[in-house]
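Reading the structure
Each chain, written out:
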Amino acid sequence: MQIFDDEFADEFEFDVLDATKLIPEEQVPIRPIGRMVLNRTVDNFFAETEQVAFCTANVVPGIDFTNDPLLQGRNFSYLDTQVKRLGGPNFSHLPINAPKCPMAHFQQDGHMAFTNPSGRVNYEPNSWTSSQAGPREDPDGGFRTTVRSESGQTRRVRAASFADHYSQARQFYASQTPIEQAHIADAFAFELSKVEREDIRMRMVANLRNVDELLAATVAAGLGVVDLPDPSVAASVPVDLPVSTALSMLANPAATFSGRKLGVLVTDGTDAKLLSGILKAAKKAGAVVELVAPTISGITATDGTLQPVHGQVDGTPSVLFDAVAVIPGEQGAVDLSTHAPALDFLRDAHAHCKFIALGPEAGELLRAAGLTDLVDDGYVALDAKPATTTSFIATCADLRFWDREPTVNWRQAVAATL
């Protein structure tokens, strides 16, 4: 958690109750206050996960509520939400929600929904209905943040910093590594490609120009936009905030493969000694290994042992793993070279810049996948010597071979020309 006092809140650049803002870790360091252990799945998904009812208004003694508008909204709306979502006021009797001590209350009987909203949207503002349709904002009577002044009087005003919609977005983007910035642009282009109307897509690009010009240009190029729209008029002029490396995932790597998952593509005739070496090295590093094969019935290794597998290659793609190893038997490699899911297993791992280990017989599969001439330093050759498997697992601690991405991500090539 980040813990601070009123003095810091008064001096911070933004209103600390603005849920769209964050506090850089350089200003308020993260402080561990406890440990939550998730060590099992629920016994019954519907009875527990689907019917659990949380309410922010239920607090233990010693905790009070801030003027955070999101929290205040949830405090009065969650009870109503649970009553409707779970069918009546008696949701607190469900085992997942029931108190552990006897409790008596007046919640009883149920109620029905009499009307349902019609049309495509029921939010405001929107671009799909006329100005007279749907719910409208009410600047005079609608809810606004309540701020308590030094005199103790409560005023219905919103801090001016609430109008700054871009400064922290700019700080977040600037704090990312080039790879992460490229991924952000990819994500925007992907999501906006699903938007039917051009004017809405252009409005988003106009917003992005207030964050970063290269980001906006890269997203526009991904959408096929030649002429950038003018930047959106900002309610508050954005400013450049200090870069925070704590906001970048790649700048703060875990430096370990522990807890990660390795997918190993195997067939009948897989080298038993090599497979054993991979399993031992991964276990020592704290990684999880799953064997993927042409069928779920298992494979027979070179030592004659039947090795159970975790998934059939048709339904266990490489996107499920942090790194992959391809160690088929000689005939197995030939068979898989005409099997589309196996070729996709390898191609997708390459396209997602994953580290790929290749056994001695993997060359045929590599050729069939069209990757022979694309092998780079993210590929590791394996043999039965323990040193090669140990080295591969250690290499996987970097999680991705990002030097490959410019060759598989066309938007990065486009961005380089902008």
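Residues numbered from 1 in each chain as written. Predicted model: local features only at pLDDT ≥ 70, side-chain atom pairs only at ≥ 80, totals over all residues. Heavy atoms only, no water.

As for the pairing of strand β8 (residues 323-326)
Here β8 shows a buried face lined by A323 and A325 and a second buried face lined by V324 and V326. Pairing geometry for strand β3 (residues 261-265) and β8, over four bridges, is parallel. Residue pairing for β8: G263 is matched across the bridge by V324. Summarising the sheet, β8 and strand β9 (residues 356-358) pair through three bridges and their orientation is parallel. Residue pairing in the sheet places V324 in a bridge with I356 of β9. (Buried < 20%, exposed > 50% of the residue type's maximum accessible area, 1.4 Å probe, protein only. Helix = DSSP H or I, 4+ residues; strand = E, 2+ residues; numbered from the N terminus. Pairing = 2+ DSSP bridges.)

Quick notes on the nonpolar core
Ranked by internal contacts, the top residues of the largest apolar core, which has 27 residues, are F257, L262, V264, V266, I327, L382 and F392. Within the residue set of this core, elements represented by two or more residues are β3, α8 (272-284), β4 (288-293), β8 and α12 (386-395). The dominant element in this core, judged by the number of residues it contributes, is α8, at five residues. Residues within four places of F392 in sequence aside, it is in contact with L262, A323, V324, A325, F355, I356, A357, V380 and L382. Counting 21 residues, the second largest nonpolar core, distinct from the first, contains L265, F321, V326 and L371. (Core = buried A, V, L, I, M, F, W, Y, C linked by side-chain atoms within 4.5 Å. Contact = heavy atoms within 4.5 Å.)

Here's the deal with the pattern of salt bridges
Within the structure shown, the criterion is met by eleven salt bridges. Close ionic contact of R40 with D43 constitutes a salt bridge, the shortest N to O distance being 3.8 Å. Judged by relative accessible area, D43 falls into the exposed class, the value being 71%. Here D344 and R347 are joined by a salt bridge, their closest N and O atoms 3.6 Å apart. Within this pair, D344 and its partner R347 are both found in helix α10 (residues 340-351), separated by three residues, close to a single helical turn. (Salt bridge = Lys/Arg side-chain N within 4 Å of Asp/Glu carboxyl O.)

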